[in-house]
Amino acid sequence: ELLAAVLEEASPARRLECESALLSEAFEPGATRLVEVLVKGRPDPKLHEVLVELLWRALRRLPEEADLPKSSPALGLFARLAG
């Protein structure tokens, strides 16, 4: 929740920079762990609400032509787990 709150309060330029990096290799292993918890974790409405928001923030910053499974290790894992 803290990360989502910090992103919400950041300047637009800083928010764009951070959201763009959320699924990058710079955020590994955290980005992959986010995907693992979201897909494999025991349902937890409060936790999953925050994880979905973070994933959405990162996905909306990807270029439209991005090949999602190849965009980052985390999205590659998501594609494999979600099948």
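Everything here concerns the structure above.
Now for a description of the structure that goes with this document. (Residues numbered from 1 in each chain as written. Predicted model: local features only at pLDDT ≥ 70, side-chain atom pairs only at ≥ 80, totals over all residues. Heavy atoms only, no water.)

1. So, the pattern of salt bridges
Alright, step 1. Going through the model one piece at a time under the given rule, you end up with eight salt bridges.
Alright, step 2. Arginine 60 serves as the salt-bridge partner of glutamate 19, at 2.9 Å between the closest nitrogen and oxygen. Residue glutamate 19 is found in helix H2 (residues 12-21), and its partner arginine 60 is found in the loop between helix H4 (45-59) and helix H5 (68-71); the two are separated by 41 residues along the sequence.
Alright, step 3. When the shortest N-O distance is used, the salt bridge between lysine 70 and aspartate 67 registers 3.8 Å.
Alright, step 4. Residue aspartate 67 is classed as partly exposed on the basis of its relative accessible area of 39%. (Salt bridge = Lys/Arg side-chain N within 4 Å of Asp/Glu carboxyl O. Helix = DSSP H or I, 4+ residues; strand = E, 2+ residues; numbered from the N terminus. Buried < 20%, exposed > 50% of the residue type's maximum accessible area, 1.4 Å probe, protein only.)

2. Concerning the environment of glutamate 8
Alright, step 1. Among the structural elements, glutamate 8 can be located in helix H1 (residues 2-9).
Alright, step 2. Take glutamate 8: its relative accessible area is 44%, and that puts it in the partly exposed class.
Alright, step 3. Along the primary structure glutamate 8 and alanine 79 are separated by 71 residues, whereas in three dimensions their C-alpha atoms are 27 Å apart.
Alright, step 4. Other than its neighbours up to four places away in sequence, glutamate 8 contacts Arg15 and Arg57. (Contact = heavy atoms within 4.5 Å.)

3. What to know about unusual backbone geometry
Alright, step 1. Here the residue pair glutamate 28 and proline 29 is connected by a cis peptide bond, since its omega of 5 degrees sits within 30 degrees of zero.
Alright, step 2. Here proline 29 is to be found in the loop between H2 and helix H3 (30-40).

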